[in-house]
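# Topology and contacts: notes
For reference, the chains in residue letters:
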Amino acid sequence: VRKRVYSEFRRQVHLRGGERIAVAFSGGKDSTLALHLLNEIIKPMRNVSLTAIIVDEGIAGYRDAGLPKARDFCKSIGVDLIETSMATELGTTLDEISKIKRSQSACSYCGAFRRKLLNSAARRMGANYIATGLNLDDTSQAIVMNIFRGDIEKLARLGPHEEIQKGLVPRLQPLRKIPEKESLLFCIEEGLKFHDGECPYAHEAVRNTYREVVAKVEEESPGTRYSILAGYDSIREMLRKSYPPVQLNVCVCGEPCIGAKCNACELREQIETQQCG
C-alpha cells in the first residue's frame with residue numbers, strides 16, 4: 001500500500017518547494033490513510049506544508065460523532081485541521097435539506113456543497129492541491145457510471161487534475177490504486193484511529209447501483225477494478241484532447257463555474273424556493 005501510494009503521489013505532482021497541500025479529510029478510513037501517508041511523505045520536506053480540511057455537513061449522530069476523532073487524529077500526527085461547515089457558509093445543513101421536498105437525493109446536494117466548501121477553504125489557505133481519499137473502488141465506479149450515462153465530457157474531467165484552472169484547486173488522488181478493503185486493513189494494522197460510522201443518507205446515492213455492478217463483476221472476475229482503471233488511463237489523454245478544459249466563469253459567490261452560477265448556488269436557490277413554497 002505504501003509503495004503504491006508513494007508512487008502515485010509522486011507521479012501526480014512534482015514538488016519544487018513552497019507548495020501547500022490540503023487533504024479533504026472526513027475522518028473515515030480512506031481520508032485517514034491518505035492524510036497519514038502524505039504526512040509521511042511531506043513531513044521531511046522543509047518547504048512543503050500539509051493541512052487537513054474537514055466539512056461539517058450538519059448530520060446529527062454522524063458528523064458530530066466523527067469530528068472529535070478527526071481532531072484527535074490530526075493532533076496526534078501534528079497536522080493542522082481547518083474546519084468549515086454548511087451551516088456557517090451556506091446557512092443550512094444536510095439534515096434540514098433532507099426534510100424538504102426535493103428533486104434530487106441528499107447526496108447530490110451534499111456533493112455539490114462539499115466541493116464548494118473544500119475548494120473555497122483550500123483557496124483561502126493558498127493551497128496548490130487538494131488530495132482526496134478516493135480509492136480504487138470509488139474510481140472504477142465513477143468511470144463506469146460516466147460511461148453508462150454517456151457523459152464522456154465528465155469522464156474526461158475525472159481527477160487527478162493536471163491542468164490548473166483559475167479559481168479551481170486541482171485534485172490529487174493518491175489512493176486511486178488502493179482497494180477499499182486494503183485501505184481498511186492498513187488502518188487496522190497500523191492502529192490508525194478513524195470514524196467508521198455510516199452516513200444515514202448513503203442509501204440515497206445514485207452511485208450505489210454502480211457500486212453493486214462493479215462489485216459483482218469483481219467477485220466473478222478478480223482484477224476487474226484494476227482493468228477498468230488501466231483502460232481509462234490508456235484513453236485518458238485522447239479524452240482530454242477531445243474535451244479540453246472549458247473557460248471558467250466566476251459565480252456571484254466567488255467560486256469558478258461553467259455557466260452563470262455554480263452548481264452549489266443553483267441548488268441553494270432551489271432549496272430556498274422549495275422552503276418558501
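Residues numbered from 1 in each chain as written. Predicted model: local features only at pLDDT ≥ 70, side-chain atom pairs only at ≥ 80, totals over all residues. Heavy atoms only, no water.

In total, this model carries 21 salt bridges according to the counting rule given. Notably, a salt bridge pairs Glu180 with Lys29, separated by 3.0 Å at the nearest N-O pair. Remark: Lys29 occurs in helix 2 (residues 29-42) and Glu180 occurs in helix 9 (residues 180-190); sequence separation between them is 151 residues. On the accessibility criterion, Glu180 (32% relative accessible area) is partly exposed. Taken together, the shared-partner salt bridges in this structure form one network comprising Glu8, Arg11, Arg176, Lys177 and Asp233. (Salt bridge = Lys/Arg side-chain N within 4 Å of Asp/Glu carboxyl O. Helix = DSSP H or I, 4+ residues; strand = E, 2+ residues; numbered from the N terminus. Buried < 20%, exposed > 50% of the residue type's maximum accessible area, 1.4 Å probe, protein only.)

Attention shifts here to the sheet that holds strand 4 (residues 129-131). Read from one edge to the other, the open sheet built from 5 strands follows the order 3-2-1-4-5, with strand pairing classed as parallel. For this open sheet the edge positions go to strand 3 (80-85) and strand 5 (171-172), each flanked by a neighbour on one side alone. Judged from the 6 bridges that link them, strand 2 (residues 49-56) and strand 3 form a sheet pairing that is parallel. Within strand 3, the residue paired with Asp56 across the bridge is Ser85. This element, helix 3 (residues 63-77), spans strand 2 and strand 3 of the sheet and lies at about 170° to strand 2. (Pairing = 2+ DSSP bridges. Contact = heavy atoms within 4.5 Å. Axes fitted to C-alpha atoms, helices over the stretch in contact; angles between N-to-C directions.)

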